[in-house]
Amino acid sequence: MNDDKGRPDLRINGERLVSSIKEMGSIGFDPETGGRTRLALSDADKKGRDLLCRWMHEEGLDVKIDQIGNIFGVREGTDPSELPVMVGSHIDTVRDAGMFDGVYGVFGGLEVIRTLNENKVRTRKPLALAAFTNEEGARFQPDMMGSLFYTGTVGLEELLSSKDENGLTAADELDRIGYRGSGTVRAGRYIELHIEQGPRLYAEGLPIGVVRGIQGLAWWAGEYCGESNHAGSTPMDMRKDALLGVAELAAEAEKLALRLGNGSVATMGKISPKPDIINIIPGKCSFTLDFRQFEKSLFEEGKGEIERLITACAEKRGLKYNFRKVAEAPAVVFDSGMVELAERVSARLGLASKRMVSGASHDAQFLSPFCPTVMIFVPSKDGRSHCPEEWTEAEDLENGCNVLLHSVLELV
Ligand SMILES: [Zn+2]
């Protein structure tokens, strides 16, 4: 059977996809927590890598490992002068993870290749499957290590010298597990299939999210200083309570995000009052703030407002303050042609889709300035992720993978 363009009207094998994801999910599995742990460059990560490489070889792919341990498997095209279309994600996990984050994108790509192989489909461009090293950053920082190196965003030496909490370097661990290579594969385009890790698709009952970009992020760390004093003998109107100032700042940051709307989110994730004792007014309180927004003008407005609020909430209570921005990453906007392609393919397959912005970071954000990129999301039950409860229904996994297959077929 052919589609209206004469392409074979293929479908991936949903059962094979799910069983591959489950097999990877058994590596590093802890029956007590119900989660699995494959921290980057650990023994469990090595086992996962070995499984992926074995399956890549079984599909006849040319497997290449680069200097940071990224794994690429290339399926030849008929025109060797063309750059490959790359699909992929990561196979490392956080502690006690679910089985879909990252693995879905890698094994979704593998399932596309298996489908092309069993149907003997030849393509003009090569197709490359990628698994990027240490996406999660749960053991070595920075996160996204593989894609940072691959796109030349951060230098190799800096990444390899990163140490885990036991003082082991990424370089030594890469050597120990045998995944420091010297090959590479350049991508012409990149598609990353991923679970949403948020609640929107599941809540709206939509099978496909076409991701138009990743929101901008800014982080601050600050401290308010007042006066520690006796909780019983200091009247309310004579206090300089640093924690109350920070509490008000947290509430104001929430109001700001709600006022700006359009997906703005603000979070005070960390508060440390001092001296942190039941009967002493907190004289000092440190805090962090995280603000995210996709639209540039709203991002700029929100950042300015956050800094104004940090000052205003301290001054209102006569508190001294200091703060600094500790991270900032502008929004990433994916290639409009790639976004339209994924939407068109979803519609052709009879799958309702929604354009969305990713709340989480992904390797795709670093690939995006490097080559035309898009991400395809499928629903996460109740929006849960990075926990053993992370779940996506088999039907949704199959649908997303079919969108990947047909997006790839249009590009290769
Ligand atoms: Zn991921």
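What you see is a predicted model; the values in this text were computed from it and never measured. (Residues numbered from 1 in each chain as written. Predicted model: local features only at pLDDT ≥ 70, side-chain atom pairs only at ≥ 80, totals over all residues. Heavy atoms only, no water.)

### A short note on helix α8 (residues 242-260)
Between its terminal C-alpha atoms α8 stretches 27 Å, which fits the 27 Å expected from 19 residues at 1.5 Å a residue. What α8 keeps buried is the set A242, G245, V246, E248, L249, A253, L256, A257 and L260. Contacts from the buried residues of α8 go to β9 (216-225), β11 (265-267), β12 (271-274), β14 (284-293) and α9 (296-315). Taking the backbone nitrogen of L243 as reference, a side-chain oxygen 2.9 Å away marks D241 as the first, capping residue of α8. At the C-terminal side of α8, G261 shows a positive phi close to 60°. (Helix = DSSP H or I, 4+ residues; strand = E, 2+ residues; numbered from the N terminus. Expected span 1.5 Å × (residues − 1). Buried < 20%, exposed > 50% of the residue type's maximum accessible area, 1.4 Å probe, protein only. Contact = heavy atoms within 4.5 Å. Polar contact = N/O pair within 3.5 Å; in protein donor to acceptor, adjacent residues only side chain to side chain.)

### Quick look at the nonpolar core
By size, the foremost hydrophobic cluster in this structure holds 95 residues, and its most contacted members are I21, L52, M86, Y104, F107 and I191. In contact with Y104, other than residues within four places in its own chain, are L17, I21, G109, L193, H194, I195, V378, D396, L397, G400 and C401. One finds A253, L256, F287 and F291 within the second-largest nonpolar core, a separate group that totals 22 residues. (Core = buried A, V, L, I, M, F, W, Y, C linked by side-chain atoms within 4.5 Å.)

### Details of the coordination of the zinc ion
Note on the zinc ion: its protein donors are H90 (NE2), D101 (OD) and H194 (NE2). The metal-donor distances range over 2.0 to 2.2 Å. Going along the chain, you hit the donors of the zinc ion in the pattern H-x10-D-x92-H. Placement of the pair is D101 in the loop between β5 (85-89) and α3 (103-118) and H194 in strand β7 (residues 189-195), with a sequence separation of 93 residues. Judged by its relative accessible area of 6%, D101 is buried. Looking at H194, the relative accessible area reads 0%, which means it is buried. (Donors = N, O, S within 2.8 Å, 3.2 Å for Na, K, Ca; no water.)

### Points about the environment of M268
Its place among the elements puts M268 in the loop between β11 and β12. In this structure, M268 is in contact with V246, L249, A250, F287, T288 and L289, ignoring residues within four places of it in sequence.

### Notes on the pattern of salt bridges
According to the stated counting rule, one finds 33 salt bridges in the structure shown. Among the salt bridges present, the one from E173 reaches R176, with a minimum N-O distance of 3.0 Å. Placement of the pair is E173 and R176 together in helix α6 (residues 170-177), with a separation of three residues, close to one helical turn. Note on R176: relative accessible area 46%, which makes it partly exposed. Here E305 ties to R259 by a salt bridge, and the two come within 3.6 Å at their closest N and O atoms. Residue E305 is located in helix α9, and its partner R259 is located in helix α8; the two are separated by 46 residues in the primary sequence. Taking relative accessible area as the criterion, E305 reaches 19% and is therefore assigned buried. Using a relative accessible area of 52% as the deciding quantity, one classes R259 as exposed. (Salt bridge = Lys/Arg side-chain N within 4 Å of Asp/Glu carboxyl O.)

### Description of the packing of α8 against α9
Where α8 meets α9, the axes come as close as 10 Å, and the angle between the chain directions of the two elements is 155°. Classified by the angle their axes make, α8 and α9 are roughly antiparallel. The way α8 lies across α9 gives a crossing that is right-handed. Of the residues in α9, those touching α8 at G245, E248, L249, E252, A253, L256, R259 and L260 are L298, E301, G302, E305, I306, L309, I310 and C313. Partitioning the contact of α8 with α9 into residue classes produces nine nonpolar, two polar and five charged. (Axes fitted to C-alpha atoms, helices over the stretch in contact; angles between N-to-C directions. Parallel < 35°, antiparallel > 145°, perpendicular 65-115°, else oblique. Left-handed = near helix turned anticlockwise from the far one by under 90°. Nonpolar A, V, L, I, M, F, W, Y, C, P; charged D, E, K, R; others polar.)

### As for helix α2 (residues 43-58)
A rise of 1.5 Å per residue sets the reference length of α2, with its 16 residues, at 22 Å; its end C-alpha atoms lie 23 Å apart and thus fit the reference within 8%. Within α2 the residues assigned to the buried category are A44, D45, G48, R49, L51, L52, C53, W55 and M56. Where α2 is buried, its residues meet α1 (14-25), β3 (62-65), β4 (71-75), α3, β6 (127-131) and α6. G60, located one to two residues past α2, shows a positive phi value of around 80°.

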